[in-house]
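Each chain, written out:
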Amino acid sequence: MTRPNIDHLERRCPRLGSVVSFGYCMISGEDNLPCWKIFDCWWETFDVDGYLKQNLPNPAYNQLKSMAETPRNKIGSIIEIINQAKNQSKD
Ligand code: SF4
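Here the structure is a predicted model, which means the values were calculated and not measured.

## Observations concerning the nonpolar core
Point 1. In this structure, Phe22, Ile38, Trp42, Val48 and Leu52 are the most contacted members of the largest nonpolar core, which totals 21 residues.
Point 2. At the level of elements, helix H1 (22–27), helix H2 (38–42), helix H3 (48–55) and helix H4 (58–69) are the ones that each hand at least two residues to this core.
Point 3. The contact partners of Val48, leaving out residues within four places of it in the chain, are Phe22, Ile38, Phe39, Trp42 and Trp43.

Quick look at the structure:
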């Protein structure tokens, strides 16, 4: 199956406050997964659920879906962003 080249699509990231590409969203999650908010952020632009279902291994898709459906509060999201920033600064 050919993966459509949609990595260049852009939107404002509600977590970072800046413009990011879909390609960034695909690699910015935990454990080499896409960001857990990817369903919320992209459903209005294209069938992101169908896209991820077709392009991620089944266990990865199921893990991401489960993470997306887990309620999170703002503090938890902020802590997650801080941890991501710390990990990225170590690279
Ligand atoms: S999916 Fe994640 S990284 Fe991408 S725009 Fe949404 S919150 Fe930001």
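More follows now that the structure is in view.
## Description of the site of the ligand
Point 1. For the ligand, the full set of nearby residues is Arg11, Cys13, Pro14, Arg15, Val20, Tyr24, Cys25, Ser28, Cys35, Lys37, Ile38 and Cys41.
Point 2. Listed by contribution, the elements that provide at least two residues to the shell around the ligand are H1 and H2.
Point 3. When the residues that make up the shell around the ligand are grouped by side-chain class, the tally is eight nonpolar, one polar and three charged.

## Side note on H3
Point 1. Residues Val48, Gly50, Tyr51 and Leu52 constitute the buried set of H3.
Point 2. Those residues of H3 hidden inside the fold are in contact with H1, H2 and H4.

Cut-offs used in this document
Residues numbered from 1 in each chain as written. Predicted model: local features only at pLDDT ≥ 70, side-chain atom pairs only at ≥ 80, totals over all residues. Heavy atoms only, no water. Core = buried A, V, L, I, M, F, W, Y, C linked by side-chain atoms within 4.5 Å. Buried < 20%, exposed > 50% of the residue type's maximum accessible area, 1.4 Å probe, protein only. Helix = DSSP H or I, 4+ residues; strand = E, 2+ residues; numbered from the N terminus. Contact = heavy atoms within 4.5 Å. Near = heavy atom within 4 Å. Nonpolar A, V, L, I, M, F, W, Y, C, P; charged D, E, K, R; others polar.

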